[in-house]
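# Structure at a glance
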Amino acid sequence: MAERTKLWIANTMKDLMKTKPIDKIRVTEICKRAEIERPTFYYHFKDKYDLVAWIFFQSAYQTDIISVDEAAAGMAKMKQDFLFYKRAYEDSSQNALWTYMLEYFVSRYEQIAKEMLNTDVLEEQLRFSIRLYCFGCVGMTREWLLYDNTTSAGTIAEMMFASMPESLQKIYFHL
């Protein structure tokens, strides 16, 4: 039941984001449109930015981030849900979606690197390379989503993986 409620609230937020930016949407408005009480909203989410991050995580959670095909499929889903991601990327608040995305991908890449290297601690340079790569990918995804109407998600994903530092390619792809 709780999962259905969260999905209901998320769909309401996505509908609201079709007509206005995140900073113009109030929790009161989300609650009214979803026909829920404020405590119900706050039971599931700490604020509207937490809600937007949850929507992203729901679509990204099971994605194999070192698979070009899965990365391309995830990006294609972003294009299908264009207005939501456009509004989310345009938001420049301290809780902007891109910061959640960055931390999510850095954490996932670090976790995979630890598993592949059979270690609990990554070297500082490796952690820096992962963060730099993820920062670039999140930024390029934003640019592609907002401004590129011609390049396919598959091509962008391939270009991102081709741009991965050699030190990371050796870990993730055993090159």
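Parameters at a glance
- Residues numbered from 1 in each chain as written.
- Predicted model: local features only at pLDDT ≥ 70, side-chain atom pairs only at ≥ 80, totals over all residues.
- Heavy atoms only, no water.
- pLDDT = per-residue confidence, 0-100.
- Helix = DSSP H or I, 4+ residues; strand = E, 2+ residues; numbered from the N terminus.
- Buried < 20%, exposed > 50% of the residue type's maximum accessible area, 1.4 Å probe, protein only.
- Arc of directions from axis to C-beta.
- Contact = heavy atoms within 4.5 Å.
- Axes fitted to C-alpha atoms, helices over the stretch in contact; angles between N-to-C directions.
- Parallel < 35°, antiparallel > 145°, perpendicular 65-115°, else oblique.
- Left-handed = near helix turned anticlockwise from the far one by under 90°.
- Core = buried A, V, L, I, M, F, W, Y, C linked by side-chain atoms within 4.5 Å.
- Polar contact = N/O pair within 3.5 Å; in protein donor to acceptor, adjacent residues only side chain to side chain.

All right, on to the confidence of the model for the chain then. Summary statistics for the chain give a mean pLDDT of 91 and a share of 97% for residues scoring 70 or more. Predicted confidence in the chain is weakest over helix α4 (residues 48-60), with a mean pLDDT of 84, and strongest over helix α2 (residues 27-34), with 96.

Taken as a whole, helix α9 (residues 153-162) has its buried residues at A153, I156, A157, M160 and F161. What you see down the axis of α9 is that its buried residues fit within an arc of 130°, all on one side. Away from its buried face by more than 90 degrees, α9 exposes E158 and A162. In this structure, the buried residues of α9 make contact with α5 (68-80), α7 (97-117), α8 (124-147) and α10 (166-173).

This part covers the packing of helix α1 (residues 2-17) against α2. Contact pair α1 / α2: the axes reach a minimum separation of 9 Å and the direction vectors enclose 115°. Judged by the inter-axis angle, α1 sits roughly perpendicular to α2. Of the two elements, α1 crosses α2, and the hand of that crossing is right-handed. Between α1 and α2, the residues in contact are W8, I9, T12, M13, D15 and L16 and E29, I30, R33 and A34, respectively.

With that settled, the discussion passes to the nonpolar core. Counting residues in hydrophobic clusters, the biggest one holds 59 residues, and the most contacted among them are M13, F41, L51, Y109, I130 and Y172. A per-element tally of this core places α7 first, with 10 residues.

Attention now moves to the environment of T151. The residue T151 is located in the loop between α8 and α9 in this model. In this structure the C-alpha to C-alpha distance between T151 and M13, which are 138 residues apart in sequence, comes to 28 Å. When sequence neighbours within four positions are dropped, the list of residues in contact with T151 reads W144 and I156. A distance of 2.6 Å separates polar atoms of two side chains, one belonging to T151 and the other to D148.

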